[in-house]
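# Notes for the structure review
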Amino acid sequence: MVLFALTSPSSSSKLKQHSHRSFSESLMEDSIEDAEAIIHQWISPDSSSSSSSFCCTFSLFSNKNREEAKQFIRAVTTLHSAMVKLISANPASTKLIRAESLLKTSMNHLSKEFYRILKSNRRYLDPESVSARSRNSSRNISKEDDDAEAMADLKMIADCMTSSGYGKECFRIYTKIRKSIIVEALEQLGFESLTLSQVQKLEWESTEKKTRVWLRAARKAVTTLFRGERILSDHVFSSSAAMRESSFAEITLQSALALFSFPGNVARSRKTPEKIFLTLDVYQSIVELMPRIEEVFSYDSTSSVKSQIAGTLANLEEAVVSMIDEFESSISKESSKSMISNGGIHQLTRYVMNYIVFLADYSEVLANIIPETSSFASPEEDESTSSSSLSSPLAKRISWLILFLLCKIDAKSRLYSDVALSYLFLINNLHYVVVKVRTSNLKEVLSEGWLEKHEGKLKNHVAKFEEIVWGELMTSLATAEEEEEEEEEAEEFVRRFSDRFEEAYKRQTGWVVPDSKLRDEIKVSAAMTLIPAYTEFYKKYRVGLRKNLGVAPEDIGNYISDLYFGSGGSGCVSSVHSYILKPYLAPHVTFFFLFLLKVTSRMFCITKTDLCEDNSVTVSSSSACPELVSENPIDKPLRAYYLKRKRGAEVAET
């Protein structure tokens, strides 16, 4: 009965449970032994698991051992899975000690392989190559070429180590190597991380050079370096969202913050008007890169990069507004009493308008910078430029700058003792302003209404100038046409007219109108008023047919055509009329035709040798007159900057 009691149902159940537990443990132990056999094909049982060296004399992940590598990874995964189950079934199992040691040795070996792949495949895994491959949608990342295999091997090892609880070791190796690659790449691009105090100590030439380097480096960094690193991190640690984010942040955050803090530090340095264009280049570059920056640095852990960029943009905006204010102040403070002796274009006009024309090239950028609530209203108050035509803050700002300039020019015109010359000075400078506006982006900024208003002012100035210079002669001709003159009176009129004309001519011989079109328009207008009326009078009384008396009608055209070239006249022969007279042409028509030819010929310097035997004229562009007005030296910095900026744009496009 005692023996039977020992075999009671309760005792039998315990025996079955013990038997079942032994069978499960046996299966897990068998799995561990199978994994151990495969692992020991590549790792000697005597190898030290605590070795910190990452140098391997052989490679498990090579083309020859591709299948063995996958088998090794499966064995390690099986080992870890069996350990987890065995711990649940029998935490005191002696097999766990062996399995844990084997797993640690395997992880150490995989760490070495991970390091080796990262180091030996830098040519395939540099961010630029990774970024370029991702842009080519026709290529698949699983395609078996060198770069794709390296990325696949890294992902395989990272997945295995992360799932086995060794993600930190994998993370440490990966971020250490990849971070050094980013730092090295930025150094190769020429970028140098500088603090605010270091930037403020730099000379402007050095700052400008470093900023231009930054423009190239920033675009390269965002479009290739950071983007490629994001792609690689997302691929290698695709099994763990936390690892993807933390690895990318660890690798790029410090470099990105240093990169985007530099322009902000430059913007906080001393502000002068000539720095505005480079500042706008930097601002425009960042704005253009923002969509890619938002895409690459989309993790919460990298939000500080976007905050840094927002602060940099704010600093740049403040700097631009401050530089425009400083530019306006420099115009208002310009107080030189120097005059342009021939009534030409003042250097202030050239400088200011070239500056504003370059500003207009950034109209889209400036539209986002100039504040909507301005402390000034539009200077244009009349109907021709209503508030709708200058509604944008940028248009109002630029119109104010031009208004400041025109006020300065008006003040300088009062320095001339000759009223006519003061009007010619106003004409030249206002015409220069209008032409600059009409032939640049300023036309789009200021509108057609602004142009029409100032072109109207220009016409009024020209009319006033003609009235002052030729008004007395025009009045005398008009009076002579209404009255019948005796022969002696007619001769006296011709003498007086000739003396006044000669006086008016000599008065203007040193004056200049640099723009050839404007120059011709002024001369044609004067000729159309003087020549026909004087020719009619001359023909009516036949004054010049009996004796050499006064100025002949054809000479008026010659004299007028020589005006407004500055000192020394046009330098061209002024007697071409005698070679092209046609006997059947009416005298006043002939003389006026000759004048128009004279005006045109000044552009080509027609000489007697240019006339054919049949009295026709041949014109060769190779004999064109040289430019009479040289560029003012004050424009050189702006022109140099503009050419440099254009070359930079061409390089960026290529």
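Residues numbered from 1 in each chain as written. Predicted model: local features only at pLDDT ≥ 70, side-chain atom pairs only at ≥ 80, totals over all residues. Heavy atoms only, no water.

Secondary structure summary: the chain contains 24 helices and zero strands in total. Here the chain holds 654 residues, and 45% of them are scored as buried. When contacts within the chain are restricted to residue pairs at least 6 apart in sequence, long-range pairs at least 24 apart make up 79% of them. (Helix = DSSP H or I, 4+ residues; strand = E, 2+ residues; numbered from the N terminus. Buried < 20%, exposed > 50% of the residue type's maximum accessible area, 1.4 Å probe, protein only. Contact = heavy atoms within 4.5 Å.)

Attention now moves to the pattern of salt bridges. Where charged atoms of side chains with opposite charge meet at close range, the side chains can pair. Applying the stated criterion across every chain, the model contains 20 salt bridges. Residue Glu 113 pairs with Arg 116 through a salt bridge whose shortest N-O separation is 3.4 Å. Placement of the pair is Glu 113 and Arg 116 together in helix α4 (residues 95–120), with a separation of three residues, close to one helical turn. On the accessibility criterion, Arg 116 (21% relative accessible area) is partly exposed. Close ionic contact of Lys 506 with Glu 502 constitutes a salt bridge, the shortest N to O distance being 3.0 Å. (Salt bridge = Lys/Arg side-chain N within 4 Å of Asp/Glu carboxyl O.)

A separate point is the nonpolar core. Membership of the largest hydrophobic core comes to 162 residues, with the highest contact counts inside it found for Phe 114, Trp 214, Ile 402 and Trp 470. Of the residues forming this core, the biggest block, 12 residues, is contributed by helix α18 (residues 442–482). If sequence neighbours within four positions are ignored, Trp 470 has contacts with Phe 501, Ala 504, Gln 508, Ala 526, Leu 530, Ile 560, Leu 563 and Tyr 564. (Core = buried A, V, L, I, M, F, W, Y, C linked by side-chain atoms within 4.5 Å.)

This paragraph deals with the packing of aromatic side chains. Counted by the stated rule, this structure contains 23 aromatic pairs. Each member of the aromatic cluster is reached from another via a ring pair, and the members are Trp 470, Phe 493, Phe 497, Phe 501, Tyr 505, Tyr 534 and Tyr 559. Residue placement shows Arg 230 over the ring face of Phe 248; its charged tip is 5.8 Å from the ring centre. The positively charged end of Arg 230 is found above the aromatic ring belonging to Tyr 299, 3.9 Å away from the centroid. (Phe/Tyr/Trp six-rings, centres within 6.5 Å; stacked < 30°, edge-to-face > 60°. Lys NZ or Arg CZ within 6 Å of the ring centre and 35° of its normal.)

Moving on to helix α13 (residues 303–333). Residues separated by three or four positions in an α-helix point in the same direction, a consequence of the helix having 3.6 residues per turn. Taking 1.5 Å as the rise per residue, α13 with 31 residues should run 45 Å; its terminal C-alpha atoms sit 45 Å apart, in good agreement. Those residues of α13 hidden inside the fold are in contact with α11 (241–267), α12 (276–296), α14 (347–360), α15 (363–369) and α16 (393–413). (Expected span 1.5 Å × (residues − 1).)

Moving on: unusual backbone geometry. With phi around 85°, Ser 447 is a residue other than glycine that occupies positive phi space. Considering the arrangement of structural elements, one finds Ser 447 in helix α18. Residue classification places Ser 447 among the buried residues on the basis of a relative accessible area of 17%. The phi dihedral of Tyr 564 is positive, around 70°, even though this residue is not glycine.

Turning next to the packing of α11 against α13. Between α11 and α13, the least distance of the axes is 8 Å, while the angle of their chain directions is 10°. Judged by the angle between their axes, α11 and α13 are roughly parallel. For the pair α11 and α13, contact is made by Leu 253, Ala 256, Leu 257, Phe 260, Ser 261, Pro 263, Gly 264 and Ala 267 and by Ser 304, Val 305, Gln 308, Ile 309, Thr 312, Asn 315, Leu 316 and Ala 319, respectively. Partitioning the contact of α11 with α13 into residue classes produces 10 nonpolar, six polar and no charged. (Axes fitted to C-alpha atoms, helices over the stretch in contact; angles between N-to-C directions. Parallel < 35°, antiparallel > 145°, perpendicular 65-115°, else oblique. Nonpolar A, V, L, I, M, F, W, Y, C, P; charged D, E, K, R; others polar.)

A few words now on the environment of Leu 225. Structurally, Leu 225 is set in helix α10 (residues 204–236). Judged by relative accessible area, Leu 225 falls into the buried class, the value being 6%. Spatially, the C-alpha atoms of Leu 225 and Thr 252 are 9.1 Å apart, while their sequence positions differ by 27 residues.

Let us now look at the packing of α14 against helix α17 (residues 419–438). One can describe the packing of α14 onto α17 by two numbers: an axis separation of 10 Å at closest approach and a directional angle of 15°. It follows that α14 is roughly parallel to α17 by the angle criterion. Judged by the sense of rotation from one axis to the other, the crossing of α14 with α17 is right-handed. Facing Thr 349, Arg 350, Met 353, Asn 354 and Val 357 of α14, the residues of α17 in contact are Asn 429, Tyr 432, Val 433, Lys 436 and Val 437. (Left-handed = near helix turned anticlockwise from the far one by under 90°.)

All right, on to the confidence of the model for the chain then. Considering every residue of the chain, the mean pLDDT works out to 77; 71% of them sit at 70 or more. For the stretch residues 597–637, pLDDT sits under 50, and the model shows 71 contacts to residues farther than four places along the chain or on other chains. Low pLDDT (under 50) marks residues 649–654, which in the prediction has zero contacts with non-local residues, meaning those over four places away or in another chain. (pLDDT = per-residue confidence, 0-100.)

To continue, consider the state of the cysteines. Inspection of the entire model under this criterion finds zero disulfides. With no disulfide of its own, Cys 160 lies closest to Cys 170 among cysteine sulfurs, the gap being 9.8 Å. On the basis of relative accessible area, Cys 160 is assigned to the buried category, the value being 3%. Taking relative accessible area as the criterion, Cys 170 reaches 0% and is therefore assigned buried. (Disulfide = S-S within 2.5 Å.)

With that settled, the discussion passes to α14. Between its terminal C-alpha atoms α14 stretches 20 Å, which fits the 20 Å expected from 14 residues at 1.5 Å a residue. Burial within α14 is extensive, with 12 of its 14 residues counted as buried. All of the buried residues along α14 are Leu 348, Thr 349, Arg 350, Val 352, Met 353, Asn 354, Tyr 355, Ile 356, Val 357, Phe 358, Leu 359 and Ala 360.

Relative to the helices and strands, Val 352 resides in helix α14. The class of Val 352 is buried, set by a relative accessible area of 1%. As for Val 352 and Glu 328, which are separated by 24 residues in sequence, their C-alpha atoms are 9.5 Å apart. With residues up to four places along the chain from it excluded, the contact list for Val 352 reads Phe 327, Ile 331 and Leu 405.

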